[in-house]
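Reading the structure
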Amino acid sequence: MLVAAAVCPCPPLLVPEVAAGAAPELDAARAACTDAIAVLAASRPDRLVVVGPAGQSGRGPHPQGARGSFRGFGADVDVQLGRSGGDAAEGELPPSLSVAAWLLDRTEWSAAPLEGLGVGEPLAAERCIQVGGEIAARADRVALLVMGDASACRTLKAPGYLDERAAGFDAEVARALGAADVEALKALDEELAYELKAAGRAPWQVLAGAAEGAGLSGELLYEDAPYGVGYLVAAWS
């Protein structure tokens, strides 16, 4: 059963070496992610599953010890999913899970064994919900770290240019995450999310499937769009 969840954005810019001189701009987001992961640790889970977007087809599962890198983003930073475990080829983790690995290392995660799952961004809502239910059934006490960005169309300089629908979409996601509104997350419009380049849609719906019947409450810890991309941090417990 799902006992806690943390929702974090997944831009490589969260890693200070990638952001370089702009690193302080995301200090508040990093602090919120740390707080959200602390909620996971406090839930005393038997297992942590890290879920994040992974391109068109998805990749994974990724075992504890799987490795990633930010060299492709101009930073000489390597990461490992969890502080111990099997050895895996460098670069195997998709960027979203590499960011998660960095966050977990930063918070010295040791509360439970973990694994990663890269979810294909086009994965249908019904399948996402099913995957979530399967994850929740893996142990008596499961925690989820859910990586994903909201729309990338909030400003003229955003990666997806300005789309007037983006602010409303992000506001509804923020409300749903803050309220742990499972039904609202299940009902997110797949096509609209795709058009707005909201890479978090599929992972959020995996969360919705995992949380069904768990009776969790939520708290929104951070909401901003500093580069025209919606970044949200929430904790469920």
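Residues numbered from 1 in each chain as written. Predicted model: local features only at pLDDT ≥ 70, side-chain atom pairs only at ≥ 80, totals over all residues. Heavy atoms only, no water.

Let us look at the overall build of the protein. Check the secondary structure of the protein and you find eight helices and eight strands. For the protein, whose C-alpha radius of gyration is 16 Å, the value lies close to the compact-globule estimate of 18 Å for 237 residues. Oriented by its inertia axes, the alpha-carbon framework of the protein measures out at about 45 × 45 × 30 Å. Put simply, 73% of the contacts in the protein that link residues at least 6 apart link residues at least 24 apart. (Helix = DSSP H or I, 4+ residues; strand = E, 2+ residues; numbered from the N terminus. Rg over C-alpha atoms; globule rule 2.2 N^0.38 Å. Contact = heavy atoms within 4.5 Å.)

With six of seven residues buried, strand β2 (residues 47-53) is to be regarded as a mostly interior element. Here β2 pairs with strand β6 (residues 142-147) via five bridges, running parallel. Counterpart to L48 in the pairing with β6 is A143. Sheet topology places β2 next to strand β5 (residues 114-119); six bridges connect them, and they run parallel. (Buried < 20%, exposed > 50% of the residue type's maximum accessible area, 1.4 Å probe, protein only. Pairing = 2+ DSSP bridges.)

Moving on: the pattern of salt bridges. Applying the stated rule across the entire model yields 13 salt bridges. Between E115 and R138 there is a salt bridge whose closest N-O contact spans 2.8 Å. Taken together, the residues E115 in strand β5 and R138 in the loop between α4 (125-136) and β6 connect sequence positions 23 residues apart. One connected set of salt bridges, linked through shared partners, spans R47, E115 and R138. (Salt bridge = Lys/Arg side-chain N within 4 Å of Asp/Glu carboxyl O.)

Below, the discussion takes up helix α8 (residues 201-211). Judged by how many residues are buried, α8 sits mostly within the fold: 11 of 11 residues are covered. Among the residues of α8, R201, A202, P203, W204, Q205, V206, L207, A208, G209, A210 and A211 are the ones counted as buried. One or two positions beyond α8, positive phi appears at G213, with a value near 80°.

On to the packing of aromatic side chains. Note on aromatic pairs: each is described by the distance of the centres and the angle between the planes. Here the structure, examined in full by the defined rule, presents one aromatic pair. With a centroid separation of 6.4 Å and 50° between ring planes, the pair formed by F70 and F73 is classed as tilted. Owing to a relative accessible area of 0%, F70 belongs among the buried residues under this scheme. (Phe/Tyr/Trp six-rings, centres within 6.5 Å; stacked < 30°, edge-to-face > 60°.)

The subject of this paragraph is the packing of helix α2 (residues 27-42) against helix α3 (residues 95-106). Between α2 and α3, whose axes approach to 10 Å, the crossing angle comes to 75°. For the element pair α2 / α3, the angle class is roughly perpendicular. Contacts between α2 and α3 involve R30, C33, T34 and I37 on the former and, on the latter, W102, L103, L104 and R106. Residue classes in the contact of α2 with α3 are distributed as five nonpolar, one polar and two charged. (Axes fitted to C-alpha atoms, helices over the stretch in contact; angles between N-to-C directions. Parallel < 35°, antiparallel > 145°, perpendicular 65-115°, else oblique. Nonpolar A, V, L, I, M, F, W, Y, C, P; charged D, E, K, R; others polar.)

On to a nonpolar patch on the surface, then. Taken together, the side chains of L156, Y161 and L162 present a nonpolar region at the surface, about 320 Å² in accessible area. With respect to the helices and strands, L162 occurs in the loop between β6 and α5 (166-179). (Patch = residues over 30% accessible without salt bridge, like charges linked within 9 Å, V, L, I, M, F, W, Y side chains within 5 Å. Areas by Shrake-Rupley, 256 points an atom, 1.4 Å probe, with all protein chains shown as cover.)

Moving on: the nonpolar core. L144, L177, W204, L207 and W236 are the most contacted members of the largest nonpolar core, which totals 43 residues. The greatest single-element share of this core, amounting to seven residues, is contributed by α8. Among residues more than four places away in sequence, those in contact with L207 are L2, A5, V7, L144, V146, L177, L185 and W236. (Core = buried A, V, L, I, M, F, W, Y, C linked by side-chain atoms within 4.5 Å.)

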